[in-house]
Structure formats: C-alpha cells, structure tokens
Amino acid sequence: MAHQTTHSEAHGHHVLPLKVYFGVYGALLVLTVVTVMVSYMDLGSSAIVVALVVAIVKAAFVALYFMHLRYDDRFNGLVFLSSVLFLMLFFAFTFIDLTSRGYLIPEEGNFTLRNEQKAAQASEAPAEPAAGEAPAHH
Amino acid sequence: MSASHENAHGDHPSFLQHHFYTVEQQASAAKFGMWLFLAQEILFFSGLFLAYAAYRFFYPDTFLHAHEHLSVPMGATNTVVLITSSLTMALGVRAAQMGERKKTVGYLAATILFACVFLVIKYFEYSHKFHDGLLPGKYFSHLGMEGEPQIFFGIYFVLTGLHGLHVLVGIGVLLWVMILAQKGRFSPDYYSPVENVGLYWHLVDLIWIFLFPLLYLVR
C-alpha cells in the first residue's frame with residue numbers, strides 16, 4: 001500500500017507492505033497445520049526434533065517480521081539472541097548434569113531415577129521365578 | 001505528556017521527554033528498553049521450559065500418557081487465535097506508523113477480542129481438567145493413570161497459567177494503549193506505546209508457539 005512518505009522515511013522506520021504481514025500469517029497457519037499433522041505420523045524419537053524445528057521456524061517468522069527484527073536496529077536483535085544463548089546454556093549445563101549423575105556412581109545407587117527404578121523392578125519381577133540364573137546387572 | 005506541557009516548551013514536541021535530545025533517540029531507547037524486558041521474559045520462562053524438559057526426561061511415559069488428556073482441537077484453535085491476534089497487532093502497529101488513528105484503534109480492539117477468545121477457550125480447558133481431577137501435585141485425583149501424572153499437570157498448569165497471566169496483562173495494556181490511540185496521542189512521529197505493546201504481544205504468541213507442541217503433541 002501507500003508507503004507513508006517523507007517523515008516516516010526520514011525517521012528511519014520502515015512501514016512494511018501489507019502482503020508481508022499476510023504472507024507471514026499464512027506461513028504461520030500452514031506451519032501450525034504441519035506441526036499437528038506431523039505429530040500424527042509415527043516419527044518415534046525424532047518427533048520432538050521436528051516439532052521444535054517447526055516451532056523455531058514459526059518463532060523466527062514472528063521475530064523477524066511481526067517484531068521487525070529484520071529491519072530494526074541490529075542491537076535489538078542482539079539482545080534477543082543473547083537471551084536465547086543464555087537459555088541454551090541453561091539447558092545445556094542442566095542436561096549435562098541430569099544425564100550424567102545417574103551413571104556417576106552406579107554401584108552406590110545413591111541417585112537412581114525413579115522411572116529407572118520402576119523399569120528395573122518391572123524387568124526383575126518376571127525373572128524372579130526362574131531361580132535367578134541370569135546375572136542381575138546391579 | 002500532559003496537555004499543560006504542550007505549550008510550555010516552545011519548539012519541541014509535547015511527547016519528547018527532556019532527557020532525550022531527539023524524537024528518534026527517545027523512540028529507539030523505548031524500544032531497546034522493551035527488548036531488554038523481553039529478554040528477561042524469555043529467561044523467566046526458560047526455567048519453566050527447563051522444568052518441563054527435565055521431567056519429560058525423567059518420566060517420558062508419564063508425559064506421553066498424561067498429555068492425551070489435553071484437547072488437541074482446543075490447543076490448535078487457540079494457536080490459530082493467538083497467531084491471528086499477532087497479525088491484528090502487527091497491522092495495528094503499521095496503522096500507527098502511518099498515523100491512521102481509526103485503523104489503529106480497530107486493530108487494537110481486534111487484538112483484545114482475540115485475546116479474550118483465547119482466555120475463554122482456556123477457561124473451558126481448565127474447567128474440564130478441574131472437573132476430572134487432572135490437577136497438580138497432591139490435588140490430583142483422576143483415577144486409573146500410570147506414572148506421575150500430577151507432575152505433568154503441575155507443569156501444564158504453571159506454564160499455561162503463567163502464559164495466561166501474560167495474556168491477561170496484555171489485555172490490560174492493550175486497552176490502555178487503545179484508549180490513548182482513541183484520544184489521538186499517537187502520530188507517525190510518536191507511537192512507541194503501540195510498538196512496545198506489540199512487541200510484548202508477539203512474545204506472548206512466541207511462547208505459545210512452543211507451548212502448544214510441547215504440551216499438546218507429546219510423542
């Protein structure tokens with residue numbers, strides 16, 4: 001549509017054409033349908049990866065166009081990305097801890113995850129009547 | 001700001017605060033401040049997302065089974081409602097940039113309307129969960145579920161509840177900005193409040209974009 005002229009331009013803010021907004025809206029709707037449809041396909045453990053990739057693409061559309069980061073002062077984008085960076089650090093260090101502490105001193109068993117305990121109990125239960133010739137792994 | 005300011009300082013616009021040199025400087029400072037706030041919001045929510053990830057890692061089967069008690073049609077509808085509200089918000093900011101007062105007010109009103117639709121749908125979802133005893137921690141009373149579903153519903157209610165609180169706050173701020181717009185306080189030279197409430201609203205949408213697949217579409 002009519003690009004609001006002179007002073008808008010002079011003050012450096014960018015009025016985006018309407019088709020950008022409706023295009024992004026369409027993309028977001030399509031990606032919502034995609035994420036629901038993909039969830040009904042049997043993708044196993046990669047389902048979460050696909051769901052997150054779709055969500056990240058949607059988030060990028062919102063941030064770049066609706067939030068104008070693509071056209072904005074780069075410094076605002078840096079602030080946004082820095083929070084994402086620290087979010088990733090937060091996840092990374094917590095998961096390094098979570099995924100390693102269960103195996104750190106297994107013979108002492110001072111930290112066994114509850115669902116692992118249950119899984120162990122479940123797998124031991126039927127083995128019990130068979131006089132336990134199979135060596136238990138704990 | 002106030003009308004009495006208007007004529008008191010001759011050559012600079014009434015909306016330009018004294019501690020800024022130019023209109024541009026004021027606008028970019030306002031937006032930068034909003035981005036700092038949004039960065040804080042992301043970190044604030046990240047703790048809850050991490051709790052989600054950690055407990056899903058601990059109890060994958062619980063998450064798989066408990067999430068089946070959430071309604072995908074309702075969650076998907078709410079996703080579309082929020083995305084639509086983000087569109088009307090973005091169009092509202094665009095109208096403000098171009099100095100179109102009526103359109104700005106109209107798009108802000110539409111955004112508020114969609115935000116209310118979101119909360120109404122959320123209300124029906126919540127009341128269904130309350131009725132079935134699908135509640136956090138010790139309040140959980142739904143029979144016949146394996147694992148630790150009270151943990152899933154604890155995370156569900158805190159994440160969606162905090163998000164819903166953001167929607168509620170958003171409605172309040174949007175109403176305020178809509179009234180200012182109606183009063184003709186904004187112009188192509190000054191529309192920072194519209195732009196900043198827009199940024200906030202898009203962030204609320206961004207968070208829901210992640211919440212929807214993580215809570216409703218566990219596989």
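If you're wondering where the values come from, they're calculated on a predicted model, not measured in any experiment.

Student: So what exactly am I meant to see when it comes to empty space enclosed by the protein here?
Tutor: Where empty space is left becomes clear once a probe the size of a water molecule has been rolled over the atoms. Applying the stated criterion across every chain, the model contains 3 cavities of 30 Å³ or more. Lining of the largest cavity is provided by 14 residues; of these, A:Ser39, A:Ala47, A:Ile48, A:Ala51 and B:Leu217 occupy positions nearest its centre. For the lining of the largest cavity, the secondary structure elements donating two or more residues are helix H2 (18-40) and helix H3 (47-66) of chain A together with helix H6 (192-216) of chain B. For the lining of the largest cavity, the leading source of residues is H3(A), giving 5 residues.

Student: Looking at this structure, how should I read the layout of surface pockets?
Tutor: Reported here for the largest pocket is a volume of approximately 820 Å³. If you go around the largest pocket, you meet 27 residues; those closest to its centre are A:Ile56, A:Ala59, A:Val84, A:Leu87 and B:Phe210. A breakdown of the residues in the lining of the largest pocket according to their chemical character gives 24 nonpolar, 2 polar and 1 charged. Counting only domains with at least three residues in the lining of the largest pocket, you end up with domain 1 (1-72) and domain 2 (74-127) of chain A.

Student: Would you explain the confidence of the model for chain A in this entry?
Tutor: A residue-level look at chain A finds 65% of positions with pLDDT of 70 or above and a mean pLDDT of 78. Note on residues 127-138 of chain A: pLDDT is under 50 here. Beyond four places in sequence and across chains, it has 2 contacts.

Student: Would you explain the interface of chain A and chain B in this entry?
Tutor: At the interface, 53 residues of chain A touch 50 residues of chain B. Regarding the contact of chain A and chain B, the summed buried area is about 4,800 Å², with carbon and sulfur atoms giving 74% of it. B:Lys31 serves as the salt-bridge partner of A:Asp72, at 2.9 Å between the closest nitrogen and oxygen. The tally of links from chain A across to chain B stands at 5 residue pairs in polar contact (both at pLDDT 80 or more).

Student: Sorry if this is basic, but what is going on with the packing of H2(A) against helix H3 (residues 72-97) of chain B here?
Tutor: Closest axis-to-axis distance for the H2(A)/H3(B) pair is 10 Å, and the angle between their directions is 165°. By the angle between their axes, H2(A) is roughly antiparallel relative to H3(B). Our pair here, H2(A) against H3(B), has a crossing hand that is right-handed. Contact with H2(A), carried on its side by A:Leu18, A:Tyr21, A:Phe22, A:Tyr25, A:Leu28, A:Leu29, A:Thr32, A:Val36 and A:Tyr40, involves B:Val72, B:Ala76, B:Thr79, B:Val80, B:Ile83, B:Thr84, B:Leu87, B:Ala90, B:Leu91 and B:Arg94 of H3(B) and no other residues of that element. A per-class count over the contact of H2(A) with H3(B) returns 15 nonpolar, 3 polar and 1 charged.

Student: Teacher, can you tell me more about the packing of helix H4 (residues 101-132) of chain B against helix H5 (residues 149-182) of chain B here?
Tutor: Helix packing for two helices is described by the angle between their axes and how far apart those axes are. Residue and element names in this part refer to chain B. At a closest axis distance of 9 Å, the pairing of H4 and H5 adopts a crossing angle of 155°. Taken together, the axes of H4 and H5 lie roughly antiparallel to each other. You can see that H4 and H5 cross each other, and the crossing is left-handed. Looking at side-chain class alone, the contact of H4 with H5 contains 21 nonpolar, 7 polar and 4 charged residues.

Student: Help me understand the side chain of B:Gln26, please; the structure alone is not making it clear to me.
Tutor: Here B:Gln26 is to be found in helix H1 (residues 23-58). Discounting residues that sit within four places of it in the chain, B:Gln26 has contacts with B:Phe15, B:Leu16, B:Gln17, B:Phe20 and B:Tyr190.

Student: Sorry if this is basic, but what is going on with H2(A) here?
Tutor: Residues separated by three or four positions in an α-helix point in the same direction, a consequence of the helix having 3.6 residues per turn. Taking 1.5 Å of rise per residue, the 23 residues of H2(A) would be expected to cover 33 Å, and the 34 Å separating its terminal C-alpha atoms lies within 8% of that figure. Those residues of H2(A) that sit buried are A:Val20, A:Tyr21, A:Val24, A:Tyr25, A:Ala27, A:Leu28, A:Leu31, A:Thr32, A:Thr35, A:Val36, A:Val38 and A:Ser39. Here the buried face of H2(A) lies against H3 of chain A together with H3 and H6 of chain B.

Student: How do you make sense of a nonpolar patch on the surface when you look at a structure like this?
Tutor: A cluster of nonpolar residues, A:Leu85, A:Phe86, A:Leu89, A:Phe93, A:Ile96 and B:Leu43, forms a patch on the protein surface that exposes about 600 Å² of accessible area. Considering every element that reaches the nonpolar patch, the biggest residue donor is helix H4 (residues 74-104) of chain A, with 5 residues. In this structure, A:Leu85 sits in helix H4.

Student: Honestly, the nonpolar core in this entry has me stumped. Any pointers?
Tutor: The nonpolar side chains of a soluble globular protein tend to be buried, and buried together. In terms of nonpolar packing, the biggest core is built from 92 residues, with A:Met67, B:Phe153 and B:Tyr156 touching the most fellow members. In terms of residues, this core owes the most to one element, H6(B), which gives 16 residues. Per-domain counts for this core show at least three residues from each of domain 1 (1-72) and domain 2 (74-127) of chain A.

Student: I keep staring at the pattern of salt bridges and nothing clicks. Help me out?
Tutor: Pairing between side chains of opposite charge can happen when their charged atoms approach one another. Residues and elements named next belong to chain B. Counted by the stated rule, this structure contains 4 salt bridges over all chains. In this structure, the salt-bridge partner of Glu 100 is Lys 103, at a minimum N-O distance of 3.9 Å. On the basis of relative accessibility, which here comes to 45%, the residue Lys 103 falls in the partly exposed class.

Cut-offs used in this document
Residue positions are given per chain, counted from 1 along the sequence in the order it is written. Chains carry letters from A onward and ligands carry numbers from 1 onward, assigned in written order. With pLDDT at 70 or above as the cut-off, local features in this predicted model cover only qualifying residues; side-chain atom pairs require 80 or more to be listed or tallied, and sums for whole chains, interfaces and linings still use all residues. Where side-chain values are given, they derive from all heavy atoms of the structure, hydrogens and water being excluded. A cavity here means a set of points on a 1 Å grid, drawn over the protein atoms and nothing else, where a 1.4 Å probe fits but cannot get out; a pocket is an open set with protein on both sides within 12 Å along at least five of seven lines, and a residue lines either one if it has an atom within 4 Å of a point. Grid points are joined across faces, edges and corners, and a volume is the space filled by probe spheres set on the points. Under the scheme used here, helices are H or I runs from DSSP no shorter than 4 residues and strands are E runs no shorter than 2 residues, and both carry numbers assigned from the N terminus. Residue classes follow a fixed rule: Ala, Val, Leu, Ile, Met, Phe, Trp, Tyr, Cys and Pro count as nonpolar, while Asp, Glu, Lys and Arg count as charged, and any other residue, Gly among them, counts as polar. The source of the domain bounds is an automatic or database domain assignment. As a per-residue measure, pLDDT tells how confident the predictor is, with possible values from 0 to 100. Throughout, a contact is declared for two residues whenever any of their heavy atoms are within 4.5 Å. A quick way to say it: buried area is the sum, across both parts, of accessible area lost when two parts are put together, with a 1.4 Å probe. For salt bridges, the criterion is a side-chain nitrogen of Lys or Arg within 4 Å of an Asp or Glu carboxyl oxygen. We define a polar contact as two N or O atoms separated by no more than 3.5 Å, with the added condition that, inside protein, one atom must be a possible hydrogen donor and the other a possible acceptor, whereas residues neighbouring each other in sequence contribute only through side-chain atom pairs. Angles shown run from 0 to 180 degrees and are taken between the N-to-C directions of axes, each axis being a line fitted to C-alpha atoms and, for helices, limited to the stretch in contact. Any angle from 65 to 115 degrees is called roughly perpendicular, while one under 35 is roughly parallel, one over 145 is roughly antiparallel, and all others are oblique. The handedness criterion is simple: a crossing whose near helix is rotated anticlockwise from the far helix by less than a right angle is left-handed, and one whose near helix is rotated clockwise is right-handed. Multiplying 1.5 Å by the helix residue count minus one yields the expected span of that helix. When a residue's accessible area, from a 1.4 Å probe over protein chains only, is under 20% of the maximum for its type it is buried; when over 50% it is exposed; and in between it is partly exposed. Patch rule: a residue counts if its relative accessible area is over 30% and it has no salt bridge; like charges are joined within 9 Å, and nonpolar side chains (Val, Leu, Ile, Met, Phe, Trp, Tyr) within 5 Å. All accessibility values rest on the Shrake-Rupley procedure with a 1.4 Å probe; residue burial counts only the protein chains present in the view. Here, nonpolar core refers to any group of buried Ala, Val, Leu, Ile, Met, Phe, Trp, Tyr and Cys residues whose side-chain atoms link them within 4.5 Å.

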